[in-house]
Amino acid sequence: MVLGRLTHYAFDALAVSAIFAGVKKSTGFAPATNLIPDSSIKSIADSYFSAGEVVFNMITGQAVTSQYFKKS
């Protein structure tokens, strides 16, 4: 039960991070992690957002090569 809940929260966090990556890719605006004063928390935030970029790029790559998506 606890493992399922943790997995769910991890998936949700990764989905939110991927949304931030999509905003960054389409608008150029990104979260200002340089404003975080603590270096360890800043490192965690940078890792979190970079994981979202990896997921976003994977999803984009699948969509580009899929027959079910077309460019509009």
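Each residue is numbered by its place in its chain's sequence as written, counting from 1. With pLDDT at 70 or above as the cut-off, local features in this predicted model cover only qualifying residues; side-chain atom pairs require 80 or more to be listed or tallied, and sums for whole chains, interfaces and linings still use all residues. Side-chain numbers here rest on the full set of heavy atoms in the structure, without hydrogens or water.

1. Description of the pattern of salt bridges
Any carboxyl oxygen of Asp or Glu that lies within 4 Å of a side-chain nitrogen of Lys or Arg is treated as forming a salt bridge with it. One pass over the full model with this rule turns up two salt bridges. K24 is the partner of E53 in a salt bridge, and the nearest nitrogen-oxygen pair spans 2.9 Å. Taken together, the residues E53 in helix α2 (residues 39–65) and K24 in helix α1 (residues 2–27) connect sequence positions 29 residues apart. When accessible area is computed with a 1.4 Å probe and restricted to protein chains, residues below 20% of their type maximum are described as buried, those above 50% as exposed, and intermediate ones as partly exposed. By relative accessible area, K24 is classed as partly exposed at 37%. Here K42 makes a salt bridge to D46, at a shortest N to O gap of 2.9 Å. Of the two residues, K42 and D46 both sit in helix α2, four residues apart, roughly one turn of that helix. A relative accessible area of 27% places K42 in the partly exposed class. Its relative accessible area of 30% is what places D46 among the partly exposed residues. Numbering goes from the N terminus for both helices and strands, where a helix is a DSSP run of H or I of at least four residues and a strand is a run of E of at least two.

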